[in-house]
Amino acid sequence: MVDRRAQVELLATRYGLVTNEGLLASVFWGLSDKAAERFLTLLLKERRLNSFPLVGRKRYYTLTSEAAREYGVDGGRCELPMGAQALLQNFAMMAFC
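Presented here is an overview of the structure given in this document.

## What to know about the overall build of the protein
Phase 1 of the analysis: Across its full length, the protein carries five helices and two strands.
Phase 2 of the analysis: The secondary structure elements of the protein, listed N-terminal to C-terminal, are α-α-α-β-β-α-α.
Phase 3 of the analysis: Oriented by its inertia axes, the alpha-carbon framework of the protein measures out at about 35 × 30 × 25 Å.
Phase 4 of the analysis: Restricting the contact set of the protein to residue pairs at least 6 apart, pairs at least 24 apart contribute 45%.
Phase 5 of the analysis: Looking at the protein as shown, the accessible area adds up to about 6100 Å², and 57% of this sits on carbon and sulfur atoms.
Phase 6 of the analysis: Of note, the protein has its 13 positive side-chain charges centred 5 Å away from the centre of its 10 negative side-chain charges.

In structure tokens, the structure reads:
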């Protein structure tokens, strides 16, 4: 079985981003909102995820360039916030799936 860290990183690789709500619907199904927040905080401290503003106080997370390279993804595109079109497309794909 794949551990939660790998599941979160694979979701970020597949969809380009993850959100707290997206993780609650997939990886942390049945757990509290706080559990997902704590796990995201852990991955931020370990420099596995970057955090960017989404709307209001909500944030979205992408892999760091080092973590992206481990999954065979171009790490250069992970360090900056997404443009409006990319953010919309990736967020919609993640929310749908």
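## A word on the nonpolar core
Phase 1 of the analysis: With 25 residues, the main nonpolar core has Val 8, Leu 23, Phe 28 and Leu 49 as its most contacted residues.
Phase 2 of the analysis: For this core, the secondary-structure elements that each account for two or more residues are helix H1 (4–15), helix H3 (33–45), strand E1 (49–53), strand E2 (59–63), helix H4 (65–70) and helix H5 (84–96).
Phase 3 of the analysis: Those residues in contact with Val 8 that sit more than four places away from it in its chain are Val 18, Leu 23, Val 27, Phe 28, Phe 39, Leu 43 and Leu 49.

## Structural notes on the side chain of Glu 9
Phase 1 of the analysis: Relative to the elements of secondary structure, Glu 9 occurs in helix H1.
Phase 2 of the analysis: The exposure class of Glu 9 is buried, given its relative accessible area of 2%.
Phase 3 of the analysis: In contact with Glu 9, other than residues within four places in its own chain, are Leu 43, Arg 48, Leu 63 and Tyr 71.

## Here we look at the environment of Asn 20
Phase 1 of the analysis: One can find Asn 20 in helix H2 (residues 20–25).
Phase 2 of the analysis: Filtering out sequence-adjacent residues up to four positions away, Asn 20 remains in contact with Asp 33, Ala 36, Glu 37 and Leu 40.

## A closer look at the pattern of salt bridges
Phase 1 of the analysis: Across all of its chains, the model carries five salt bridges by this definition.
Phase 2 of the analysis: Salt-bridge contacts for Glu 46 lead to Arg 5; the nearest nitrogen and oxygen are separated by 3.0 Å. Here the residue Glu 46 occupies a position in the loop between H3 and E1, and Arg 5 occupies one in helix H1, the gap between them amounting to 41 residues.
Phase 3 of the analysis: Owing to a relative accessible area of 36%, Glu 46 belongs among the partly exposed residues under this scheme.
Phase 4 of the analysis: Here Glu 21 ties to Lys 58 by a salt bridge, and the two come within 2.9 Å at their closest N and O atoms. Here Lys 58 lies in the loop between E1 and E2 and Glu 21 lies in helix H2, a separation of 37 residues in the sequence.
Phase 5 of the analysis: For Glu 21, a relative accessible area of 41% gives the class partly exposed.

## A few points about the packing of H1 against H3
Phase 1 of the analysis: Axis separation between H1 and H3 bottoms out at 11 Å; the angle between their running directions is 80°. Classified by the angle between their axes, H1 and H3 sit roughly perpendicular to one another. Facing Arg 4, Arg 5, Val 8 and Glu 9 of H1, the residues of H3 in contact are Phe 39, Leu 42 and Leu 43.
Phase 2 of the analysis: By residue class, the composition of the contact of H1 with H3 is four nonpolar, no polar and three charged.

Calculation notes
- Residues numbered from 1 in each chain as written.
- Predicted model: local features only at pLDDT ≥ 70, side-chain atom pairs only at ≥ 80, totals over all residues.
- Heavy atoms only, no water.
- Helix = DSSP H or I, 4+ residues; strand = E, 2+ residues; numbered from the N terminus.
- Contact = heavy atoms within 4.5 Å.
- Areas by Shrake-Rupley, 256 points an atom, 1.4 Å probe, with all protein chains shown as cover.
- Lys, Arg positive; Asp, Glu negative; His and termini not counted.
- Charge placed at Lys NZ, Arg CZ, Asp CG, Glu CD.
- Core = buried A, V, L, I, M, F, W, Y, C linked by side-chain atoms within 4.5 Å.
- Buried < 20%, exposed > 50% of the residue type's maximum accessible area, 1.4 Å probe, protein only.
- Salt bridge = Lys/Arg side-chain N within 4 Å of Asp/Glu carboxyl O.
- Axes fitted to C-alpha atoms, helices over the stretch in contact; angles between N-to-C directions.
- Parallel < 35°, antiparallel > 145°, perpendicular 65-115°, else oblique.
- Nonpolar A, V, L, I, M, F, W, Y, C, P; charged D, E, K, R; others polar.

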